[in-house]
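Geometric and topological summary
The residues making up each chain are set out below.
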Amino acid sequence: MFESVSNVSEGRAIDSGQGARGWSGVSGKRVLVTGGTRGLGEQIVRLLAAEGARVATCARTAQDLETLRGTVDAAAPDGLFTRALDVTEPERLEAFVTASASRFGGLDGVVACAGGSRGRGLEQTDAGDWAATWELNVGHTARLVRAAVPYLRTAGGGSVVVISSISGWKPGPDAQYGTAKSAQIHLAASLARELGPDGIRVNAVSPGSMLIPGRRWDRMRRDEPEAFAAFAAAELPGGEPVAPQEVARVVAFLLSDWSSGISGANLPVDRAQNAPSPDGY
Ligand SMILES: NC(=O)c1ccc[n+]([C@@H]2O[C@H](COP(=O)([O-])OP(=O)(O)OC[C@H]3O[C@@H](n4cnc5c(N)ncnc54)[C@H](OP(=O)(O)O)[C@@H]3O)[C@@H](O)[C@H]2O)c1
């Protein structure tokens, strides 16, 4: 059994996930994860590699990929393949899928994790921001899956995990972000029907606010403890944001054969969070 997740609001260390080794059933799987150098993507890559999967990942910053290669604890020889690229450049993304499948002799799973938002509130957000947010979250996911399908089909089936967000159905600021995350949930459900006959499962995972060192909620907890406590009291029934390691375990489960009965689902990993932001809606 894996270790219990620590209570981050009381300053205990976030669980590394190492105690989970051996449970997930991803050993030997060949998986491509976009956006694997920071935040959730990094935790997915580290967990899969430690569990014996062979993992390909990408990000725009080559230096971060080098750092990742130097610090990943991969159980499989040749367990990590990386390439610097922007996932919104279709040809480069497709070439990376091909190169990863060639390197590993095929693919068993893909995780569309790179995502985020451009612009701010409605009046500070122009058409370019809307388009960029759509491309980063939805466009890249659709092209990733399209490029991976021939390899998943050849493998006799596979698992696709789309990282969405609770912002996909709980309204919050930055409508362009929530709109794109909502579309990812629909995309996963729709592709699950389309690709089901090929044995390819497609699911969305929707994290709540994740406590990532140095990122928004971690900074707020440190710099504005009273505001953070009010946010937690109002919106976080579990008392604290979810850790990316907790989300990574759900992703590993969906990539494993243990989840063979799940396709077309959207799995929130949010400890029953209410609103996705402290801004009141
Ligand atoms: N953070 C949260 O609380 C939260 C909550 C719910 C859902 N989510 C979702 O979870 C996913 C991960 O979020 P995160 O906060 O963990 O991300 P993050 O810390 O911002 O990291 C994003 C990763 O993706 C890479 N990336 C970003 N844009 C890219 C691009 N155009 N091409 C290639 N790689 C790119 C980044 O590396 P480079 O910058 O070097 O490219 C980095 O490795 C996203 O889909 C996000 O919408 C996050």
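Above this text is the structure in question.
Anyway, here's the lowdown on the structure attached to this text. (Residues numbered from 1 in each chain as written. Predicted model: local features only at pLDDT ≥ 70, side-chain atom pairs only at ≥ 80, totals over all residues. Heavy atoms only, no water.)

**Some words on the packing of aromatic side chains**
- Per the counting criterion, the structure on display carries 2 aromatic pairs.
- The interplanar angle of 25 degrees and the centroid separation of 5.9 Å between the aromatic rings of Phe-81 and Phe-96 together place this pair among those described as stacked. Highlighted residues: Phe-81 in strand E3 (residues 80-84) and Phe-96 in helix H3 (residues 90-104), separated in sequence by 15 residues.
- By relative accessible area, which is 10% here, Phe-81 ends up buried.
- Residue class for Phe-96 comes out buried when judged on its relative accessible area of 0%. (Phe/Tyr/Trp six-rings, centres within 6.5 Å; stacked < 30°, edge-to-face > 60°. Helix = DSSP H or I, 4+ residues; strand = E, 2+ residues; numbered from the N terminus. Buried < 20%, exposed > 50% of the residue type's maximum accessible area, 1.4 Å probe, protein only.)

**Considering helix H6 (residues 216-223)**
- Looking at H6, one finds that the buried residues are Trp-217, Asp-218 and Met-220. Taken end-on, H6 shows its buried residues confined to a sector of 165 degrees, consistent with a single buried face.
- Where H6 is buried, its residues meet helix H7 (225-235). (Arc of directions from axis to C-beta. Contact = heavy atoms within 4.5 Å.)

**What about the sheet that holds strand E7 (residues 266-269)?**
- Spatially, E3-E2-E1-E4-E5-E6-E7 is the arrangement adopted by the 7 strands of the open sheet, whose pairing is parallel. Two strands in the sheet have a free side with no partner beyond their single neighbour: E3 and E7. Across the sheet, the mean angle from the axis of one strand to that of its neighbour is 15 degrees, orientation sign disregarded.
- Each of strand E1 (30-34), strand E2 (54-59) and E3 is contacted by H3, which is oriented at about 160 degrees to E3, the strand it contacts most.
- Together, E1, strand E4 (109-112), strand E5 (158-163) and strand E6 (200-207) form the strand contacts of helix H4 (residues 127-154), whose direction differs from that of E4 by roughly 175 degrees. (Pairing = 2+ DSSP bridges. Axes fitted to C-alpha atoms, helices over the stretch in contact; angles between N-to-C directions.)

**Quick look at the site of the ligand**
- Near the ligand you find 29 residues, and of these Thr-37, Arg-60, Thr-61, Tyr-177 and Arg-215 are the closest.
- In the model, an oxygen atom of the ligand is placed 2.6 Å from a nitrogen or oxygen of the Thr-61 side chain.
- One of the side-chain nitrogen or oxygen atoms of Lys-181 is found 3.0 Å away from an oxygen atom of the ligand.
- Out of a free accessible area of 890 Å², the ligand has 91% covered by protein chains.
- For the shell around the ligand, the secondary-structure elements that each account for two or more residues are helix H1 (39-50) and helix H5 (175-195).
- A class-by-class count of the residues in the shell around the ligand yields 13 nonpolar, 11 polar and 5 charged. (Near = heavy atom within 4 Å. Polar contact = N/O pair within 3.5 Å; in protein donor to acceptor, adjacent residues only side chain to side chain. Areas by Shrake-Rupley, 256 points an atom, 1.4 Å probe, with all protein chains shown as cover. Nonpolar A, V, L, I, M, F, W, Y, C, P; charged D, E, K, R; others polar.)

**Notes on the side chain of Thr-37**
- Within the element layout of this structure, Thr-37 appears in the loop between E1 and H1.
- Setting aside its immediate chain neighbours within four residues, Thr-37 contacts Glu-42, Ala-59, Asp-64 and Leu-65.

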